[in-house]
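This is what each chain is made of:
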Amino acid sequence: MALVRTEKLSKVYNPDTVPVHALRDVSITIEPGEFTSIVGPSGSGKTTLLNMIGGLDKPSSGKVFINGTDLTGMKDSKLIDFRLQNIGFVFQHYNLIPVFTARENVSFIMLLQKRDKKEMLRRADELLESVGLGDRKDARPKEMSGGQQQRVAVARALASEPKFILADEPTANLDSTAAMNLLDIMLRMNKEQNVTFVFSTHDQRVIDRARRVITMVDGAVDSDERRDGTNESGDSTGKGNSTGTGTSTGTGTGNGNGNAQKS
Amino acid sequence: MKTLITIAWRNIWRHPARSGVLIAAVVVGLWAGVVTVGTVNGLMQQRIDYLIDSEIAHAQIHHPEFLAEGYSWLNIPDHEEILNWLDEDARVTAWSARTMTDGMLQSPVKTSGVRIRGIDTDRETRTTDFHENMVEGEYLDSGIRNAVIVGKSLAQDHNLRIGNRIVLVFEDTGNELSSASFNIVGFFESASTEFDERNVFVRSEDFTRYLADELVVHEIAFRVAELEMVPAVVADVNATFSGIEAQTWREISPELNVLVELGGVMLYVITLIIMLALAFGILNTMLMALFERMREIGMLLSIGMSKLRVFSMILLESVILTLSGALTGFLLAWGSILYLTGSGINLERFAAGIAELGWDHIIFPIISPPEYVGILILVIVITLLASVYPALKAIRINPLEAAKDS
């Protein structure tokens, strides 16, 4: 079963006044263990797509399935809990709780999951170690650099043991060293722990290292390229106004065996 | 819950200056409110105590029409029987029989309308402490014949001195105009200037000689052992005797009744006014905090914090913020009242004006533990009400705020 599947996902803002088509019939599939970047120019719909997958926004039409569960008809309160148990988020602006230390920020989500306190702290420390912040556990966000904050955000996203992590422009506010550092960490976690990452980005250095790149143009999937050694490039068969029938047929082994299509 | 309290507490101190100002406002507001309530309570209680101790006693008995008409022939029939009954009732601790009527005081300077009160000094001293109001000269227990004591302000008005003689004119029980001269032996000064200007005191035995053929009594004031016993004793008197009317101190003095009623309400009125003003401060602070944290709250909702938790977090912030100030305010107020209970608030500068109103110029604030609790509950309720709107706004924040650029 695909980890993430969207079916003819569309989003129209201001449908009654000046309609803005943010997404047009987007159908994609993401398998467990993928390291996927969604790229495209500003306004291409990549953030909107990410929000739909993350259950943060509702589509105008179409469906989103996470592990076979349809998010589109889900009530807000259920969606909040679904996100807590299944999805990790990394935001462009880090969005850490400023009054909490790094350790508390990472623990907080586990607290919401009502985990055992000792286990929670142990895992928080472990995660901070794994993102290279073992010595900054008690630092508050304002005492850390942007790169460090974003690494805490990644640790926080991982803390809840989500099915996958959504990251919206995670390197946008970082200098190149910090960006590469973060990317290394994300790639390592993807490889070593089979953590699925789906992120939007403008950053060419990030795009270059992604193993699957879905390119959005005008709210539609323009291309879906897999770069793993075993992957092959697909053909582009459509543009933004396509019917969006393109699907990723990767086998989901974690290193992305599968073909790529353009739709 | 512990985490919510921690996060709420730390959020409060995110902007120490802003939170500090609000807490200071709550401290000052609550301190002022509690001290004001205490002062008003004290003022009212002193007035009640004063009127009971100095004049009214706990209950009074009159001819049913005397209080409205004031004629000397409207005296209490068979007063001896009533006095005997009072003597025998264990609940009654003291009584004073008064002979009184309205009349005129004539001095070389002018004439004034006064109520002439004839008293048995021994009985009166056991029933009221009016004698403590003497400021000059002697009380009526001196041996001087036809002694009279007058209010200090009335004396000044008539340019009277101790030893001067005045003429009292009144209607006797036979409806005939009668007059007699009395010797001024002393001046009194009660808390009420109005009372001082309208009342003179003589001995019953002196007064009766001019008023009637035998001792007549127009008013019997009595005290009971416990304030709570008053209604029962009064009911018993009314049930036992006819042709008279016994009334409790609250029935006799509408002013006292209003004071007692007001006393209960004032506490909440004053606190409510102060807290309503503070509620806008709380609302403003919480809304500002909310607008600054749209992205953060969006993030909390994104990662899976339930709306109930977000709602509770905002409410907790308001309550902790206000309670920090309120408890400090209470502590200060408690200290202030403790201090003022000993020394009193001395309004001597305004003594004349205050006396016109019948109030004492040294006020001893009073506030009881249940009143503190009442104020605290009111503070919490108003704080919660003031924070419901920001909390509702918080849970309506779109999680997408977390992803916004600014």
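Rules and cut-offs
- Residues numbered from 1 in each chain as written.
- Chains lettered and ligands numbered in written order.
- Predicted model: local features only at pLDDT ≥ 70, side-chain atom pairs only at ≥ 80, totals over all residues.
- Heavy atoms only, no water.
- Helix = DSSP H or I, 4+ residues; strand = E, 2+ residues; numbered from the N terminus.
- Buried < 20%, exposed > 50% of the residue type's maximum accessible area, 1.4 Å probe, protein only.
- Contact = heavy atoms within 4.5 Å.
- Areas by Shrake-Rupley, 256 points an atom, 1.4 Å probe, with all protein chains shown as cover.
- Buried area = accessible area lost by both parts, 1.4 Å probe.
- Salt bridge = Lys/Arg side-chain N within 4 Å of Asp/Glu carboxyl O.
- Polar contact = N/O pair within 3.5 Å; in protein donor to acceptor, adjacent residues only side chain to side chain.
- Nonpolar A, V, L, I, M, F, W, Y, C, P; charged D, E, K, R; others polar.
- Expected span 1.5 Å × (residues − 1).
- Pairing = 2+ DSSP bridges.
- Axes fitted to C-alpha atoms, helices over the stretch in contact; angles between N-to-C directions.

Visitor: For this particular structure, what's the right way to read the overall build of chain A?
Guide: Check the secondary structure of chain A and you find seven helices and 11 strands. Here chain A holds 263 residues, and the buried ones make up 59% of them. Sequence-distant contacts, at least 24 apart, represent 69% of the contacts inside chain A between residues at least 6 apart. Per element, the accessible surface of chain A, about 10600 Å² overall, is 46% carbon and sulfur.

Visitor: Where do I start with the interface of chain A and chain B in this structure?
Guide: How big an interface is tends to be stated in terms of accessible area lost as the parts join. Of the residues lining the interface, 28 residues belong to chain A; the matching set on chain B comes to 25 residues. For the pair chain A and chain B, the summed buried area comes to about 2300 Å², and 63% of that belongs to carbon and sulfur atoms. There are two salt bridges connecting chain A and chain B. Between D76(A) and K307(B) there is a salt bridge; the shortest N-O distance is 3.6 Å. Inspection of the chain A/chain B interface yields four residue pairs in polar contact (both at pLDDT 80 or more). Looking at the side of chain A that touches chain B, the elements that each hand over two or more residues are α2 (76-86) and α3 (102-112) of chain A. Looking at which element gives the most residues to the side of chain A that touches chain B, the answer is α3(A), with five residues. Within the side of chain A that touches chain B, the residues separate by chemical class into 14 nonpolar, five polar and nine charged.

Visitor: How should I be thinking about helix α6 (residues 176-193) of chain A in this particular structure?
Guide: All names here are of chain A. Taking 1.5 Å of rise per residue, 18 residues should cover 26 Å, and α6 covers 25 Å from first to last C-alpha, within 8% of that figure. In this structure, the buried side of α6 is in contact with β4 (35-39), α4 (117-130), α5 (146-159), β9 (196-201) and α7 (204-209). You can read the cap of α6 off the contacts: a side-chain oxygen lies 3.2 Å from the backbone nitrogen of T177, and it is on D175. N194 occupies a position one or two residues after α6 and carries a positive phi of about 60°.

Visitor: What should I look at first to understand the environment of S368(B) in this one?
Guide: Residue and element names in this part refer to chain B. Mapped onto the fold, S368 is located in the loop between β12 (362-363) and α15 (369-395). Looking at S368, the relative accessible area reads 27%, which means it is partly exposed. The spacing of S368 and G38 is 330 residues in sequence and 8.7 Å in space, taken between C-alpha atoms.

Visitor: I tried to follow the pairing of strand β10 (residues 212-217) of chain A on my own but got confused; where do I start?
Guide: One face of the sheet, then the other: side chains in a regular strand alternate in exactly this way. Residues and elements named next belong to chain A. With respect to burial, β10 is a largely interior element, five of its six residues being buried. The pairing of β4 with β10 spans four bridges and is parallel. Paired with I38 across the strands is I214, a residue of β10. Sheet analysis places β10 next to strand β11 (residues 220-226), joined by six bridges and oriented antiparallel. Counted as the bridge partner of V213 is E225 from β11. Between β10 and β11, which pair antiparallel one after the other, the connecting turn spans two residues, and D218 there sits at a positive phi close to 50°.

Visitor: What is the right way to look at unusual backbone geometry in this model?
Guide: Trans peptide bonds make up the majority, and among non-glycine residues the majority have a negative phi. Of note, the phi angle at N95(A) is positive, near 50°, even though the residue is not glycine. Note on placement: N95(A) falls in the loop between β7 (87-90) and α3. Phi at N146(B) is positive, roughly 50°, even though this residue is not glycine. Locating N146(B) in the fold gives a position in the loop between β4 (134-137) and β5 (147-151).

Visitor: When you look at the pattern of salt bridges in this model, what are you seeing that I'm missing?
Guide: Any two side chains of opposite charge can pair, given that their charged atoms come close. Applying the stated rule across the entire model yields 31 salt bridges over all chains. Between R212(A) and D224(A) there is a salt bridge, with its nearest N and O atoms 2.6 Å apart. Of this pair, R212(A) sits in strand β10 while D224(A) sits in strand β11; the two residues are 12 residues apart in sequence, bridging distant segments of the chain. For the pair shown, R212(A) and D224(A) are each scored as buried. The closest approach of N and O atoms between E296(B) and R14(B), which form a salt bridge, is 2.8 Å. In this pair, E296(B) sits in helix α12 (residues 294-303) while R14(B) sits in the loop between α1 (2-12) and α2 (16-56), placing the two residues 282 residues apart along the sequence. The buried category is assigned to E296(B), whose relative accessible area is 9%. Residues joined by salt bridges that share partners form a network here, namely E34(A), R212(A), D224(A) and R226(A).

Visitor: Help me understand the sheet that holds β11(A) in this model?
Guide: Residues and elements named next belong to chain A. Pairing within the open sheet is mixed, and its six strands lie in the order β7-β8-β9-β4-β10-β11. Of all the strands in the sheet, the pair left with one neighbour each is β7 and β11. Mean inter-strand twist for the sheet, computed between neighbouring axes without regard to direction, equals 20°. Direction of pairing for β4 relative to β9: parallel, over a ladder of five bridges. Bridge pairing in β9 places F35 opposite F197. Against the sheet, α5 touches β7 and β8 (164-168), its axis set at about 170° to β7.

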